[in-house]
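# Coordinates in review
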Amino acid sequence: MGAKISQAALGAIRSPAGTYIRALSALPGYTRFISMTDVERSSISTREILKGRLLDAKPVNEKRYGHIYTMVRTIADMFGIAMPELWVSRRAYEDAPGMRNCFAFIHKKITAVQFTKELLADDVSIDEMRAAVGHEIGHIVYHAAELDTWIKAFVQKLFNEDEQYLTEEERRLIKNADDPVWHCIFLANIISQMDEMNADRIAVLASQDPAIPADWVIANDPHSSVKRRDGLTPEMDDLDMSHPHPLIRKKCMELFFDSDVCRSAGLGVGRYTIDEVNAAVLEMLPIRLFRDSFEVTGLMGG
């Protein structure tokens, strides 16, 4: 495991999502967009989620999984955060049975990483576990600078179109593609994609190798099977996604590993500055498509 990463380095690593969060607040429809997410925010408390009530979770058995606790504690120390609580789901996820994954939860000073029970299976290597956990630690590290959790939950619910959870206002929105709230939703997805890439960078540093987290994403993200018309070139369908396509995530991790920031951490050869890497990353996100389709200024120098 690598040396502790400084706060200055962590700040340099983060892609410029803040610019886009400010652009989001300036979009027509933003006030209604936020009021709709407030419904999501007030529907159930974050504290209830942290207790695992919705996810039917229990603490990870430290005696049985001591090596997992040691690994997580080492990664947390590397990035200067407190050791998160560790939980495991008691049951498989209904919409993704057999899913090997873990998730970060943050509420005030409480942080937790929840594992699916499948991820704790004996055939998952410690390298794969480090890649998965490193990504979630990344969300904890950058939580204050990320898009609001409840905005993400609201957007994902809309795209899932689960009738039992939709309000009447949300049902009307889904039927009206011209509603300006959709501009906010699409830009929120782009920001969420940036957040995922930032977390991937932490996974690369935790793994000391971009191939490990990249291979993990390719093997476990269900979108890996979605064919792209032109490889890494952004597509309109990308505006519907909260995560970048796994092939794009893989390329971005490889670019980051070749940055001067990684070289300063004793990794890679540093062929690119972090600004050059960020510029290349932005070109792989559907920012220009969003800007040109909805005539939004101020993005990517637009």
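Each remark here, short or long, concerns the structure printed above.
Note that this is a predicted model, so its numbers are computed, not measured.

This paragraph deals with the packing of aromatic side chains. According to the stated counting rule, one finds seven aromatic pairs in the structure shown. Here Phe159 and Trp182 contribute two aromatic rings whose centre-to-centre distance is 6.0 Å and whose plane-to-plane angle is 65°, an arrangement assigned as edge-to-face. In this pair, Phe159 sits in helix H7 (residues 149-160) while Trp182 sits in helix H9 (residues 181-207), placing the two residues 23 residues apart along the sequence. A relative accessible area of 10% means that Trp182 is categorised as buried. By the ring-pair criterion, three or more aromatic residues cluster together here, those being Phe159, Trp182, Phe186, Phe290 and Phe294.

To continue, consider the packing of helix H2 (residues 17-25) against H9. Look at H2 against H9: their axes get within 10 Å of each other, and the N-to-C directions meet at 165°. Taken together, the axis directions place H2 and H9 in an arrangement best described as roughly antiparallel. Helix-helix and strand crossings are classified by hand; for H2 and H9 the assignment is left-handed. Between H2 and H9, the contacting residues are Ala17, Tyr20, Ile21, Ala23 and Leu24 on the first element and Cys184, Leu187, Ala188, Ile191, Met194 and Asp195 on the second. When grouped by side-chain class, the residues that make up the contact of H2 with H9 number ten nonpolar, no polar and one charged.

Our next topic: the environment of Thr37. Within the fold, Thr37 resides in helix H3 (residues 30-43). Residues Thr37 and Ala153, spaced 116 residues apart in sequence, show a C-alpha to C-alpha distance of 8.3 Å. Residues contacting Thr37, with those up to four places away along its chain left out, are Trp150, Ile151 and Phe154. Among the polar contacts made by the side chain of Thr37, one reaches the main-chain carbonyl oxygen of Ile34 at a distance of 2.7 Å.

Calculation rules
Residues numbered from 1 in each chain as written. Predicted model: local features only at pLDDT ≥ 70, side-chain atom pairs only at ≥ 80, totals over all residues. Heavy atoms only, no water. Phe/Tyr/Trp six-rings, centres within 6.5 Å; stacked < 30°, edge-to-face > 60°. Helix = DSSP H or I, 4+ residues; strand = E, 2+ residues; numbered from the N terminus. Buried < 20%, exposed > 50% of the residue type's maximum accessible area, 1.4 Å probe, protein only. Axes fitted to C-alpha atoms, helices over the stretch in contact; angles between N-to-C directions. Parallel < 35°, antiparallel > 145°, perpendicular 65-115°, else oblique. Left-handed = near helix turned anticlockwise from the far one by under 90°. Contact = heavy atoms within 4.5 Å. Nonpolar A, V, L, I, M, F, W, Y, C, P; charged D, E, K, R; others polar. Polar contact = N/O pair within 3.5 Å; in protein donor to acceptor, adjacent residues only side chain to side chain.

Everything listed here is a matter of coordinates, which is why it stays silent on function.
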